[in-house]
Structures are given as C-alpha cells and as structure tokens.
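Geometric and topological summary
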Amino acid sequence: MKKTKEKEHYLKEIYKLEASDQNVSVSILSAMFGISKPSVSNMIKKLVTMELLNSAPYKAIVLTSEGRKLARTVVAKHRLIELFLVEIMDFEPENVHEIAEEIEHIESPPFFRKVKKMLNQREIDPHGSPIPDIEF
Ligand SMILES: [Zn+2]
C-alpha cells in the first residue's frame, strides 16, 4: 500500500472506532486489518512521531487534534464520493465502497468542493453514516 494511503487508512479506521466509542489497541487494529501486531505497532509509532496519534503503555491509542482533522477529511471524502456515485451517477449503494476507497486519497480541494456543492450540503451517506462537515 502506498505510504499516504496507508497513513490515511489507519487514521480513518481509528477515527471510526473512536466514533463508535471503542478503545483502539494494536490487537484490535491487527485483527481488523489482518496484519501482524508488530507491523501495526510500527505504523502506530510512525503516526505518533508525525504527531497524528498519541499512544502510551496500557492506554488506548487516540488521535491528536491534527490526526482527527486529517481523519475527518478522509472520512468526509469517502462518504461524499459514495453519495455522489449513488445520487448523481446512479450506482447501487452496495457497489460504491470500493470506488470511494480509492478516490478518498486524491488530494484536490477543488474537486471535493465541487462534489460537495453538487450534493447540496447533504449530511448523510448512502449507508446512513454522517458526513463530517469539512471545508475543502
Ligand atoms: Zn464506504
């Protein structure tokens, strides 16, 4: 997986766990991603160094405010794209997730501003999840 993509993937999944009030640990992420605990541990250390996560022994892994900002942006991109694919492009809701997984990593504020505008500030994605309100 490409570096930026991997970073954003971790932040997004940690954000979703936090949003559902679940404690985030290396074990949980390892089981979720289907990769070894040492690999997850390594990535967590990198994200801590980048000041996107806080982690201490025997404590849950948590997003820093910078990490949360980035995670919310990726989640917003993902959910806006899913909504766009369903509402504008007439995709079936069950067929949009994989496409959104790719497009969410594109770095183009004008693109996402336009997508958001075309959706008239809608707040819920096709799967019923709230779309974080981000200024792209
Ligand atoms: Zn999805």
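Residues numbered from 1 in each chain as written. Predicted model: local features only at pLDDT ≥ 70, side-chain atom pairs only at ≥ 80, totals over all residues.

1. Description of the domain arrangement of the protein chain
Just so we agree on the cut-off: Those domain boundaries reflect an automatic or database domain assignment.
Assigned domains within the protein chain: domain 1 (3–66) and domain 2 (75–118). Between domain 1 and domain 2, the C-alpha centre-to-centre distance is 24 Å.

2. What about the packing of helix 1 (residues 3–19) against helix 4 (residues 65–87)?
In plain terms, the rule: With axes taken as lines fitted to C-alpha atoms, and helix axes fitted only over the stretch in contact, angles between N-to-C directions fall between 0 and 180 degrees. Put simply, DSSP H or I for four residues or longer makes a helix, DSSP E for two residues or longer makes a strand, and each gets a number counted from the N terminus. The cut-offs work like this: below 35 degrees is roughly parallel, past 145 is roughly antiparallel, 65 to 115 is roughly perpendicular, and the gaps in between are oblique. What counts as a contact is two residues whose backbone-derived C-beta atoms lie within 7 Å of each other. Any residue outside Ala, Val, Leu, Ile, Met, Phe, Trp, Tyr, Cys, Pro, Asp, Glu, Lys and Arg is labelled polar, Gly included; the first ten of those are nonpolar and the last four are charged.
In contact at an axis separation of 8 Å, helix 1 and helix 4 are set at 95 degrees when each is read in the N-to-C sense. Regarding the angle of helix 1 to helix 4, the classification is roughly perpendicular. Together, Glu8, Leu11, Lys12, Ile14 and Tyr15 of helix 1 and Gly67, Arg68, Leu70, Ala71, Arg72, Val74 and Val75 of helix 4 make up the contact between the two elements. Looking at side-chain class alone, the contact of helix 1 with helix 4 contains seven nonpolar, one polar and four charged residues.

3. Observations concerning the environment of Phe91
Mapping Phe91 onto the fold places it in the loop between helix 4 and helix 5 (97–103). When neighbours within four sequence positions are excluded, Phe91 is seen to be in contact with Leu85, Val86 and Val96.

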